[in-house]
Amino acid sequence: MPPTEPSPLGGPADGLAASSALRTMADRLEDAEVERAMREGWSWSQVAEALGVTRQAVHKKHLRRLLLAHIELRRRTGE
């Protein structure tokens, strides 16, 4: 059986590595933009709506990091 030529676009390992790198970049971008929104006074609900997730999901994912960054967070007042 003759050896197969490598794909010019890379194989599955390259595709999976690219997928992982994109996921990491997307997570970093989300972290930065959530932080920026909260610094600008956005509510948890506004951030959640922009991301297409629940307020609770955003809170759970980002609260600890935002507190460690000493970002003043809005309190929920009848959102």
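Residues numbered from 1 in each chain as written. Predicted model: local features only at pLDDT ≥ 70, side-chain atom pairs only at ≥ 80, totals over all residues. Heavy atoms only, no water.

**Concerning the overall build of the protein**
Tallying secondary structure elements over the protein gives 3 helices and 0 strands in all. For the protein, the succession of helices and strands along the chain, N to C, is α-α-α. Within the span of the protein, comprising 79 residues, buried residues form 16% of the whole. Within the protein, residue pairs in contact and separated by at least 24 positions form 54% of the contacts whose partners lie at least 6 positions apart. Per element, the accessible surface of the protein, about 6,500 Å² overall, is 57% carbon and sulfur. (Helix = DSSP H or I, 4+ residues; strand = E, 2+ residues; numbered from the N terminus. Buried < 20%, exposed > 50% of the residue type's maximum accessible area, 1.4 Å probe, protein only. Contact = heavy atoms within 4.5 Å. Areas by Shrake-Rupley, 256 points an atom, 1.4 Å probe, with all protein chains shown as cover.)

**Examining the nonpolar core**
Core analysis: the biggest nonpolar cluster contains 10 residues, these being Val34, Ala37, Met38, Trp44, Val47, Ala48, Val58, Leu66, Ile71 and Leu73. Those elements that place two or more of their residues in this core are helix H1 (12-39), helix H2 (44-51) and helix H3 (55-68). (Core = buried A, V, L, I, M, F, W, Y, C linked by side-chain atoms within 4.5 Å.)

**A closer look at H3**
The end-to-end C-alpha distance of H3, which contains 14 residues, comes to 20 Å, matching closely the 20 Å that a straight helix rising 1.5 Å per residue would cover. Maximal helix bending in H3 amounts to about 50°, located at His62. In this structure, the buried side of H3 is in contact with H1 and H2. (Expected span 1.5 Å × (residues − 1). Bend = angle between axes of the 7 residues up to and from the residue.)

**A closer look at H2**
Here H2 has its buried residues at Trp44, Val47 and Ala48. The buried residues of H2 occupy an angular sector of 100° when projected down its axis, which confines them to one face. In H2, the exposed positions that point more than 90 degrees away from the buried face belong to Glu49 and Ala50. Those residues of H2 hidden inside the fold are in contact with H1 and H3. (Arc of directions from axis to C-beta.)

**Some thoughts on the packing of H2 against H3**
In the contact formed by H2 and H3, the axes pass within 9 Å of each other and the chain directions differ by 115°. Judged on the interaxial angle alone, H3 and H2 are roughly perpendicular. In the packing of H2 onto H3, the handedness of the crossing is right-handed. Residue-level contacts link Trp44, Ser45, Val47, Ala48 and Leu51 of H2 to Arg55, Val58, His59, His62, Leu63 and Leu66 of H3. Here the contact of H2 with H3 is composed, by residue class, of 7 nonpolar, 3 polar and 1 charged. (Axes fitted to C-alpha atoms, helices over the stretch in contact; angles between N-to-C directions. Parallel < 35°, antiparallel > 145°, perpendicular 65-115°, else oblique. Left-handed = near helix turned anticlockwise from the far one by under 90°. Nonpolar A, V, L, I, M, F, W, Y, C, P; charged D, E, K, R; others polar.)

Limitation: the analysis is restricted to geometry and does not speak to function.
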